[in-house]
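Listed below are the residues making up each chain.
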Amino acid sequence: QKNLSILSPEQIELGKMLLETGQVHLFENWPDPGVDDDDKKALLAQIDLLNSSYPGGLASYIKTARELLADSKAGRNPFDGFTPSVPSGEVLTCGDDNFIQYEESGVKQIQNAAFVLVAGGLGERLGYKGIKVALPMETTTGTCFLQHYIESILSLSKASYKHAQGECQRDVPLVIMTSDDTHGHTLQLLESNSYFGMKPTQVKLLKQEKVACLADNDARLALDLNNKYKIQTKPHGHGDVHALLYSSGLLKEWKDAGLRWVLFFQDTNGLLFKAIPAALGVSVTKEYHVNSLAVPRKAKEAIGGITKLTHTDGREMVINVEYNQLDPLLRATGHPDGDVNCETGFSPYPGNINQLILELGPYIDELSKTGGAIKEFINPKYKDSTKTEFKSSTRLECMMQDYPKTLPPSARVGFTVTDIWLAYAPVKNNPEDAAKVPKGNPYHSATSGETAIYRANSMILRKAGVKVDDPVTQVFNGQEVEVWSRVVWKPKWAVTFSDVKSKVKGDNSVSQKSTLVIKGQNVVIEDLKLDGALIVDSVDEAEVKVGGSVLNNGWMIESVDKDCVELPEEVRIRGFKINKKEQLEEFYGESGNFCLKP
Ligand code: UGB
């Protein structure tokens with residue numbers, strides 16, 4: 001009461017709301033006015049931010065927290081009444097006719113799409129100090145994830161314009177969700193690299209705020225242990241992206257501009273854009289409101305499983321069940337072995353890779369009802385089995401792939417499974433944890449993330465008719481990986497399998513020790529025999545034919561010690577570096593037709 005004089009009417013209202021929701025402890029023992037007044041105001045300002053950045057405000061946050069904490073204490077299962085079964089979805093195989101047709105219809109739609117990258121995570125599992133989107137996707141060219149994503153979107157839009165035939169050509173928007181942990185560095189990375197060729201107006205950064213931590217089962221907000229005027233906060237999860245998009249007004253702007261699709265993707269998957277055109281083609285053809293991209297998943301692998309859930313009351317949904325919930329759910333519903341591999345060597349439940357394609361119209365309709373709020377969960381770590389005290393404060397969390405949970409049964413929710421080698425190679429685990437991954441399961445490390453790029457590109461070249469040598473097996477940072485020829489191309493050279501096919505002609509071969517880097521747009525590989533390193537670049541106006549026999553000492557992959565502090569962290573976390581011994585490197589800087597034939 002004594003302190004009311006130092007607060008604004010709005011702050012007093014907020015304070016009242018908190019008192020009504022059982023948060024009296026926040027204001028207990030406040031000294032008289034004149035002492036710590038700035039700190040008191042700072043606490044109210046923080047409460048204001050926590051209130052305004054959560055759909056429904058803090059009152060709603062506390063109410064949901066109490067319900068979920070009670071469920072958790074009572075051991076109530078969120079899947080009560082649901083029986084899991086294996087869903088059926090579209091299965092794509094890179095290079096076959098179906099895949100090529102889907103790619104074609106997907107590319108046409110790119111100019112009606114907006115891309116959303118969720119990049120607010122700090123990557124605790126990876127333990128890398130910088131932001132993950134700044135990591136080199138591969139160290140042959142050193143291209144970072146964000147550069148690759150932006151160049152892929154630009155090249156896909158260019159390919160889409162070609163189909164547009166007089167329709168208006170628009171700049172495909174890119175939204176990046178950041179957090180306090182990643183915002184400044186992401187902006188700096190973009191600004192210091194001229195937005196990697198995108199117009200700055202094409203890119204929007206939306207920062208997610210953290211949510212209040214909870215100290216006990218009554219959902220009392222947890223004060224900072226060293227500062228009684230500050231509430232502890234933690235990330236709320238990638239599910240925030242929906243509320244942020246909605247409240248930013250961007251969805252309406254996109255709808256008014258005639259866009260039709262929103263594509264969500266994660267921070268470190270260097271293969272994803274190889275599957276995006278075909279997956280969008282599936283959405284277009286099947287008229288899916290929601291399409292999740294999935295890959296075959298090893299049982300118990302740390303990615304969610306796409307599951308069909310049927311309730312005793314008849315409700316049905318196809319939804320991601322997170323990896324820590326799938327096994328107990330199966331065990332509780334008549335599958336005593338839980339999540340196990342079937343005869344294919346994979347779990348029958350496809351792995352969610354959090355690449356979602358939403359149709360904009362139905363998405364806006366749904367968000368108009370929910371404000372973008374996503375079904376949340378809570379994961380308190382209790383001190384003991386009485387479940388009365390927590391080891392440390394907890395908070396509500398949400399995941400972007402839980403969006404379909406509130407949709408009506410009429411919503412068309414599907415998924416598309418594609419080859420793992422083509423679509424999924426995230427960089428999530430630090431070398432120590434990756435080395436402990438059971439044999440045969442994916443490492444999801446910087447080592448496997450980079451070698452997967454070479455494997456995918458080599459396999460695509462093979463499918464396009466190039467003779468690419470078999471890989472060799474090597475061990476880096478305690479992880480056994482296949483090392484294929486280091487084949488890398490810029491998205492402007494090829495964004496679809498058909499692009500690759502049309503630019504590879506005659507009889508070509510690439511040896512295992514070789515590196516092939518294609519940077520120019522109109523480069524055609526014809527009758528090339530490569531045993532060494534070859535780098536070809538050109539301006540867009542040049543047409544370059546590359547053939548003949550290229551033989552040199554090349555660029556070699558060499559092991560490095562992950563603990564060698566003289567090496568940059570980006571190198572240490574993969575356990576190898578590229579030793580650039582000798583190469584043939586050509587740049588064609590003028591328009592015209594050229595032939596590279598040593
Ligand atoms: N992210 C945010 O933007 N904000 C946040 O608050 C948290 C994360 P993780 P996770 O593909 O392998 C997901 O931590 O959450 C961004 C799916 O739930 O890498 O453990 C972050 O920057 C799981 O089903 O993954 O697991 C990153 O870009 C499976 O699909 C993204 O969210 C798994 O990813 C994912 O964050 C996977």
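Our structure is the block above this text.
Residues numbered from 1 in each chain as written. Predicted model: local features only at pLDDT ≥ 70, side-chain atom pairs only at ≥ 80, totals over all residues. Heavy atoms only, no water.

> Which residues make up the pairing of strand β27 (residues 542–551), and what values go with them?
Of the strand pairs in this sheet, strand β25 (residues 523–531) and β27 are connected by 7 bridges, and their pairing is parallel. Bridging across to β27, Leu 530 finds its partner in Val 550. Where β27 and strand β31 (residues 592–596) come together, 5 bridges link them in parallel fashion. Looking at the pairing, Glu 543 lines up with Asn 593 of β31. (Pairing = 2+ DSSP bridges. Helix = DSSP H or I, 4+ residues; strand = E, 2+ residues; numbered from the N terminus.)

> Describe the packing of aromatic side chains, with residues and values.
Across all of its chains, the model carries 15 aromatic pairs by this definition. Seen from their ring centres, Tyr 588 and Phe 594 are 5.1 Å apart, and the 40° between their planes marks the pair as tilted. Its relative accessible area of 11% is what places Tyr 588 among the buried residues. The aromatic ring of Phe 346 is capped on one face by Lys 298, whose charged end is 4.7 Å from the ring centroid. The aromatic ring of Trp 555 is capped on one face by Lys 580, whose charged end is 4.4 Å from the ring centroid. (Phe/Tyr/Trp six-rings, centres within 6.5 Å; stacked < 30°, edge-to-face > 60°. Buried < 20%, exposed > 50% of the residue type's maximum accessible area, 1.4 Å probe, protein only. Lys NZ or Arg CZ within 6 Å of the ring centre and 35° of its normal.)

> I'd like to hear about the sheet that holds strand β24 (residues 515–518), residue by residue, with values.
Strand order in the open sheet made by the 4 strands is β21-β24-β26-β30, with parallel pairing throughout. The open sheet has two free edges, formed respectively by β21 (486–489) and β30 (584–588), since each of these has just one partner strand. Averaged over all pairs of adjacent strands, the angle between their axes in this sheet comes to 5°, without regard to strand direction. Sheet topology note: the β24/strand β26 (residues 533–538) ladder contains 4 bridges and is parallel. Residue pairing for β26: Leu 516 is matched across the bridge by Leu 534. On top of the sheet, helix α14 (residues 446–463) reaches β21 and β24; it is set at about 80° to β21, its chief contact. (Axes fitted to C-alpha atoms, helices over the stretch in contact; angles between N-to-C directions. Contact = heavy atoms within 4.5 Å.)

> So what's going on with the pattern of salt bridges? Which residues, and what values?
Inspection of every chain in the model, using the stated rule, returns 32 salt bridges. Among the salt bridges present, the one from Glu 359 reaches Arg 260, with a minimum N-O distance of 3.5 Å. In this pair, Glu 359 is assigned in strand β14 (residues 347–359) and Arg 260 in the loop between α8 (250–256) and β10 (261–265), connecting sequence segments 99 residues apart. Taking relative accessible area as the criterion, Glu 359 reaches 15% and is therefore assigned buried. Residue classification places Arg 260 among the partly exposed positions, given a relative accessible area of 29%. Overlapping salt bridges bring together Lys 158, Lys 492 and Asp 540 as one network. (Salt bridge = Lys/Arg side-chain N within 4 Å of Asp/Glu carboxyl O.)

> Before we move on, can you summarise the site of the ligand with the specific residues and values?
Surrounding the ligand, one finds 25 residues, the nearest of these being Val 118, Gln 208, Asp 267, Asn 352 and Tyr 424. The backbone of Gly 120 places a nitrogen or oxygen atom 2.8 Å from an oxygen atom of the ligand. Separating an oxygen atom of the ligand from a side-chain N or O atom of Asp 267 is a distance of 2.7 Å. Starting from 700 Å² of accessible surface for the ligand in isolation, the protein chains cover 88%. The biggest single contributor to the shell around the ligand is β14, with 3 residues. Split into classes, the residues belonging to the shell around the ligand amount to 9 nonpolar, 11 polar and 5 charged. (Near = heavy atom within 4 Å. Polar contact = N/O pair within 3.5 Å; in protein donor to acceptor, adjacent residues only side chain to side chain. Areas by Shrake-Rupley, 256 points an atom, 1.4 Å probe, with all protein chains shown as cover. Nonpolar A, V, L, I, M, F, W, Y, C, P; charged D, E, K, R; others polar.)

> So what's going on with the side chain of Ser 72? Residues and values would help.
By the secondary structure assignment, Ser 72 is in helix α3 (residues 57–74). By relative accessible area, which is 18% here, Ser 72 ends up buried.

> How would you sum up the packing of helix α4 (residues 97–109) against helix α9 (residues 276–286)? Please name residues and give values.
Running from amino to carboxyl end, α4 crosses α9 at an angle of 85°, the nearest separation of the two axes being 6 Å. By the angle class used here, α4 and α9 are roughly perpendicular. Residues Phe 99, Tyr 102, Glu 103, Ser 105, Gly 106, Val 107 and Gln 109 of α4 lie in contact with α9, whose contacting residues are Pro 277, Ala 278, Leu 280, Gly 281, Val 282, Val 284, Thr 285 and Lys 286. Each residue belonging to the contact of α4 with α9 can be placed in one class, and the counts come to 8 nonpolar, 5 polar and 2 charged. (Parallel < 35°, antiparallel > 145°, perpendicular 65-115°, else oblique.)

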